[in-house]
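Spelled out from the first residue to the last, the chains are:
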Amino acid sequence: MRFVYADNGATTPVSKKVVEAIIPYMTEHYGNPSSLYEIGQTAHRAVEKARQQVAAALNADANEIYFTSGGSEADNWAIRGAALLGAKKGKKHIITSKIEHHAVLHTLDKLEKEGFTVTYLDVYDNGIVKAEDVEKAITDETCLVTIMFANNEIGTIQPIEEIGAICRSKGVLFHTDAVQAVGHVKVDVKQQNIDMLSLSGHKFHATKGIGALYCKKGIRLPNLIEGGAQEKGRRAGTENVPGIVGLGVAITDMCENLEENAKKVAALRDRLFEGASKITHSRINGDREKRLPGNFSMCFEGVEGESLLLMLDFKGVCASSGSACTSGSLDPSHVLLAIGLKHEVAHGSLRLSLSEYNTDEDVDHILEVLPPIIERLRSMSPLWDHIMEQEKEIN
């Protein structure tokens, strides 16, 4: 049976270049980067080289990059830190969107319990926030706007540069969760007026457990972890040297090949859309054009998403219904509800996220097994029977 990995939005396989780069830092150059002897300083130089690589990929300065355990930690640090900075000035209002990752939404929920007010902006049926809505929501009390760069479920890319420009003109900090975007679309923190940005290495072929926060020079976020001088004293703890080295290699490789990879992956995605759209009572989620190259998101009426995933797995296809971080939840996706879908439609969602490792043969296999799976699930679905009865009445 053919095996197709189509859940790169959840995590990606570690590239051979990354594996080759990190092994020496687990076997030969294993010193503590804070140690003064040579084996420690070798590790220290590797960490700083990776910091420069991450900075170059974002068009930032190396001293603006802080290594974290991943995107969720970076989101928490940026949002809570900016909130505390704002509170010192008497500003306790934050603006976000209804389709953010739970690392953002749950952090904001806690801040609301601590006395902050949060405006949750609507998105439209195309899954995109309007910059003018952000501008209208900003008040004299606003200390932070946090809008994700690209959505993890439906792949829609937000007008980041425009939102950033509005925030800059209003003197409001702007953070973006770019976990799904970095390595897949162009990210330029200077051009796009970004003050803080979160990223995670395992979304672009680095290892799990390593990420970074870009924080523009001059923004003095409170320390995340006390106890040592690492990361300029802001995040104590011995650095994950192999992970950091791999992050630098992966982000450099992805950005050097970004246009070529995006063109290839988008073509595969479009073939999937073309084929799957032939299935009756299906719909594409999110904007058709302003989306990540590898993101395929559709809903199929009369189908339960979890059953769809299990049957695809039986056919060798790894997929998801939305965010991997909420895969244990039986509730419909908050993202799909935010773009106006009914509960029963949102339950039938399928996300396929492709990478440059996928092939035409992978797409052929998916399009071969998907229609009969949906047909079988619908044959067992009372909801599908109800949909068909309604159609007969209308006709």
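Below or above, wherever it landed, is the structure these notes cover. (Residues numbered from 1 in each chain as written. Predicted model: local features only at pLDDT ≥ 70, side-chain atom pairs only at ≥ 80, totals over all residues. Heavy atoms only, no water.)

### Things to note about the packing of helix α10 (residues 305-314) against helix α13 (residues 360-379)
To describe two helices that pack against each other, one gives the angle between their axes and the distance between the axes. To be explicit about the condition: Every axis in this analysis is a line fitted to C-alpha atoms, fitted for helices over the stretch in contact. Angles between the N-to-C directions lie between 0 and 180 degrees. Think of it this way: any DSSP run of H or I at least four residues long counts as a helix, any run of E at least two long counts as a strand, and we number them from the N terminus. If an angle is under 35 degrees, it is roughly parallel; if it is over 145, roughly antiparallel; if it lies from 65 to 115, roughly perpendicular; otherwise it is oblique. Note: crossing handedness is left-handed where the near helix turns anticlockwise from the far helix by less than a right angle, and right-handed where it turns clockwise. Every residue pair with non-hydrogen atoms within 4.5 Å of one another is taken to be in contact.
Packing of α10 against α13 leaves a shortest axis separation of 10 Å and a crossing angle of 135 degrees. Judged by the inter-axis angle, α10 sits oblique to α13. As for the relative orientation of α10 and α13, their crossing is right-handed in sense. Between α10 and α13, the residues in contact are Ser307, Leu308, Met311 and Leu312 and Val369, Leu370, Ile373, Ile374, Arg376 and Leu377, respectively.

### Focus on the pairing of strand β8 (residues 211-215)
Rule in force here: Burial here depends on accessible area, computed with a 1.4 Å probe over protein chains only, as a share of the maximum for the residue type. Under 20% is buried, over 50% is exposed, and the range in between is partly exposed. Each pair of strands is called paired provided DSSP finds at least two bridges between the two strands.
With respect to burial, β8 is a largely interior element, five of its five residues being buried. With burial as the criterion, each face of β8 is covered, one bearing Gly211, Leu213 and Cys215 and the other bearing Ala212 and Tyr214. By the bridge criterion, four bridges tie strand β2 (residues 65-68) to β8 in an arrangement that is antiparallel. When the sheet's bridge partners are listed, Thr68 is paired in β8 with Gly211. Strand direction decides the pairing type here: strand β7 (residues 196-200) and β8, joined by five bridges, are antiparallel. Looking at β8, one finds that Leu199 is bridged to Ala212.

### Digging into the packing of aromatic side chains
Spelled out, the test is: When two rings of Phe, Tyr or Trp (its six-membered ring) have centres within 6.5 Å they constitute a pair, described as stacked for plane angles under 30 degrees, edge-to-face for angles over 60, and tilted for the intermediate range. Definition used: whenever NZ (Lys) or CZ (Arg) falls within 6 Å of the ring centre and also within 35 degrees of the ring normal, the charge is taken to sit over that ring.
Tallied over the full model, the rule gives two aromatic pairs. An angle of 25 degrees between the planes, with centres 4.9 Å apart, marks the rings of Phe273 and Phe296 as stacked. Placement of the pair is Phe273 in helix α9 (residues 258-276) and Phe296 in strand β10 (residues 295-300), with a sequence separation of 23 residues. Like Phe273, the residue Phe296 is buried in the burial classification. Directly above the ring of Tyr124 sits Lys130, whose terminal nitrogen or CZ lies 4.3 Å from the centroid. Positioned above the aromatic ring of Trp384 is the side chain of Arg378, whose terminal nitrogen or guanidinium carbon lies 4.0 Å from the ring centre.

### Quick notes on the side chain of Asp177
Rule in force here: The convention is simple: Lys and Arg are positive, Asp and Glu are negative, and His and the chain ends are not counted. By definition, a salt bridge exists where a carboxyl oxygen of Asp or Glu is found within 4 Å of a side-chain nitrogen of Lys or Arg.
You can see Asp177 is positioned in strand β6 (residues 173-177). Buried within the structure, Asp177 lacks any salt-bridge partner; its nearest side chain of opposite charge belongs to Lys203, at an N-O separation of 8.8 Å. Sequence-distant contacts of Asp177, defined by excluding residues within four places in its chain, comprise Asp75, His101, Val104, Ile147, Met148, Phe149, Ala150 and Ser198.

### Things to note about helix α8 (residues 241-256)
Rules: Here the expected span of a helix is defined as 1.5 Å times the quantity of residues minus one. The term polar contact refers here to a pair of N or O atoms within 3.5 Å; inside protein, the definition further demands a hydrogen-donor-capable atom paired with an acceptor-capable atom, and it admits residues adjacent in sequence only when both atoms are side-chain atoms.
Compared with an ideal rise of 1.5 Å per residue, which puts 16 residues at 22 Å, α8 spans 23 Å between its outermost C-alpha atoms and is within 8% of the ideal. Counting buried positions along α8 gives 12 out of 16 residues, so the element sits mostly inside the fold. Listing the buried residues of α8 in full gives Val241, Pro242, Gly243, Ile244, Val245, Gly246, Leu247, Gly248, Ala250, Ile251, Asp253 and Met254. Between the side-chain oxygen of the N-cap and the backbone nitrogen of Gly243 there are 3.1 Å, and the N-cap of α8 in question is Asn240.

### Considerations on a negative patch on the surface
Applied cut-off: Patch rule: a residue counts if its relative accessible area is over 30% and it has no salt bridge; like charges are joined within 9 Å, and nonpolar side chains (Val, Leu, Ile, Met, Phe, Trp, Tyr) within 5 Å. To be clear on the numbers: accessible area is Shrake-Rupley with a 1.4 Å probe, and residue cover counts the displayed protein chains and nothing else. The atoms used to mark charge sites are NZ of Lys, CZ of Arg, CG of Asp and CD of Glu.
Judged by side-chain charge, Glu132, Glu135, Glu161 and Glu162 come together as a negatively charged surface patch. Of all the secondary-structure elements, those providing two or more residues to the negative patch are α6 (131-137) and α7 (160-170).

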